[in-house]
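Summary of the model geometry
For reference, the chains in residue letters:
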Amino acid sequence: MSGTSARLTPPADAVKPVRHPDAPAPGELLGSHYEHCFGCGGGQPHGLHLQATAGEGVNVTAEFTVKPAHQGAPGLAHGGVLATAMDEALGALSWLLRVIAVTGRLETDYVLPVPVDTVLFLEAEVTAVHGRKIYCRATGRTGGAEGPVAVRAEALFIEVKVEHFIDNGRPEEIQAAMSDPDQIRRARAFEVNP
Ligand SMILES: CCCCCCCCCCCCCC(=O)SCCNC(=O)CCNC(=O)[C@H](O)C(C)(C)COP(=O)(O)OP(=O)(O)OC[C@H]1O[C@@H](n2cnc3c(N)ncnc32)[C@H](O)[C@@H]1OP(=O)(O)O
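Below is a summary of the structure that appears in this document. (Residues numbered from 1 in each chain as written. Predicted model: local features only at pLDDT ≥ 70, side-chain atom pairs only at ≥ 80, totals over all residues.)

1. Remarks on the overall build of the protein chain
Of the regular secondary structure elements, the protein chain holds 5 helices and 6 strands. Tracing the protein chain from N to C terminus, the helices and strands come up as β-β-α-α-β-β-β-β-α-α-α. Rg of the C-alpha trace for the protein chain: 16 Å, near the compact-globule value of 16 Å for 194 residues, within the 12% margin. Counting only residues that meet the buried cut, the protein chain has 33% of its 194 residues in that class. In the protein chain, the proportion of contacts linking residues at least 24 apart, taken out of those at least 6 apart, comes to 67%. (Helix = DSSP H or I, 4+ residues; strand = E, 2+ residues; numbered from the N terminus. Rg over C-alpha atoms; globule rule 2.2 N^0.38 Å. Buried ≥ 20, exposed ≤ 12 C-beta atoms within 10 Å, placed from the backbone. Contact = placed C-beta atoms within 7 Å.)

Have a look at this one:
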C-alpha cells in the first residue's frame, strides 16, 4: 500500500491498545455478536459466517470461505463482500478491548482476485487508540495463513454506547434483541464495567 490517508493516521498523542483483562483468552473462538449479522451470524443463509479467534495481543484471526452467493464477476468474490469480511474481522477486535464500536471509516486495497471456494485467512489488529477512536488494520490471505495477501484494509472504529443501536435500529429487531437473554449477554461482553 502506498500510504494511509490522513484520516486513518493516529494523532501524535494516540496510545497503544491495551488488551482488556477480561478479554477472551488467546485461542478462544469469539462467536457471533448477533445471530442476524451478515458478517458473522448463523441466521443469514448467504452471510459470510465469519468465525474469529482471539489472538495474544489486541488482535484476531478469522477465516471466511467465499461461496457462490458472494460472486461479483463470474467465479470471483465481489469486492464489497471482501470489504465486509475485513469490516467484520476488524469489528471483532472490540471483544478484546471490551468496548462496543462501529466502523467510521474503512479503506480497502484489493491486491489479488479471490475465486469462489477460496478460504480467506484474515488477521486484524488494533494499532492505536485515541479517546473513542480505535485505529486498526487487517489483511486477508489466500492459500493459508502465510499465503499471499489478497486484500488489505485500514479502518477507524468509533466507540459507542448500546444506545447507538437502541436509538437507531429498526424497532422490531431491537425489541427482539433486547428480549433475548443470549443477545444481552453478548452485548455485555463488549462493555467495560457492564
Ligand atoms: C443490542 C445491541 C447489540 C450490539 C452488539 C455489538 C454490535 C457491533 C457491530 C459491529 C458490526 C461490524 C462493524 C459495522 O459494520 S458497524 C456499521 C457501519 N457503521 C455505522 O453505521 C456508523 C455510522 N456512523 C455513526 O453512527 C457516527 O458517524 C459515529 C458513531 C461513527 C460517530 O458519530 P459521533 O457523533 O458518536 O462522534 P463524532 O462524529 O463526534 O466522531 C467522534 C470522533 O471520530 C471522528 N470520526 C468520526 N467519523 C469519522 C470518519 N469517517 N473518518 C475519520 N474520523 C471520523 C471524529 O472526527 C471525532 O474525532 P475527534 O474530533 O474526537 O478527534
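Let's pick the thread back up.
2. Some remarks on the environment of Gly72
Tracing the sequence through the fold places Gly72 in the loop between strand S2 (59–65) and helix H1 (79–91). Spatially, the C-alpha atoms of Gly72 and Leu50 are 19 Å apart, while their sequence positions differ by 22 residues. When near neighbours in sequence (up to four residues on either side) are disregarded, Gly72 contacts Ala77, His78 and Gly79.

3. Describing the environment of Ile166
Tracing the backbone through its elements, the reader meets Ile166 in helix H3 (residues 163–168). Along the chain, Ile166 and Tyr34 lie 132 residues apart, while their C-alpha atoms are 14 Å from each other.

4. Regarding the site of the ligand
Surrounding the ligand, one finds 23 residues, the nearest of these being Gly91, Val102, Gly104, Arg105 and Ile158. Those elements that place two or more of their residues in the shell around the ligand are H1, strand S3 (100–110), strand S6 (149–160) and helix H5 (181–188). With 5 residues, the top contributor of residues to the shell around the ligand is S3. Taken together, the residues of the shell around the ligand sort by class into 11 nonpolar, 6 polar and 6 charged. (Near = placed C-beta within 6 Å. Nonpolar A, V, L, I, M, F, W, Y, C, P; charged D, E, K, R; others polar.)

5. Observations concerning the pairing of strand S1 (residues 51–54)
Going residue by residue along S1, you find Ala52 and Ala54 tucked away on one face and Gln51 and Thr53 left uncovered on the opposite face. The pairing of S1 with S2 spans 4 bridges and is classified as antiparallel. Across the sheet, the residue bridging to Thr53 is Thr61, located in S2. (Pairing = 2+ DSSP bridges.)

6. Comments concerning unusual backbone geometry
Even without a glycine there, the phi angle at Arg98 is positive, about 55°. Summarising the element assignment, Arg98 is placed in the loop between helix H2 (94–97) and S3. With 19 C-beta atoms packed within 10 Å, Arg98 lands in the partly exposed category. Unusually for a residue other than glycine, Asp117 sits at a positive phi of about 80°. Of note, Asp117 is situated in the loop between S3 and strand S4 (119–130).

Just geometry here; none of it tells us what the structure is for.
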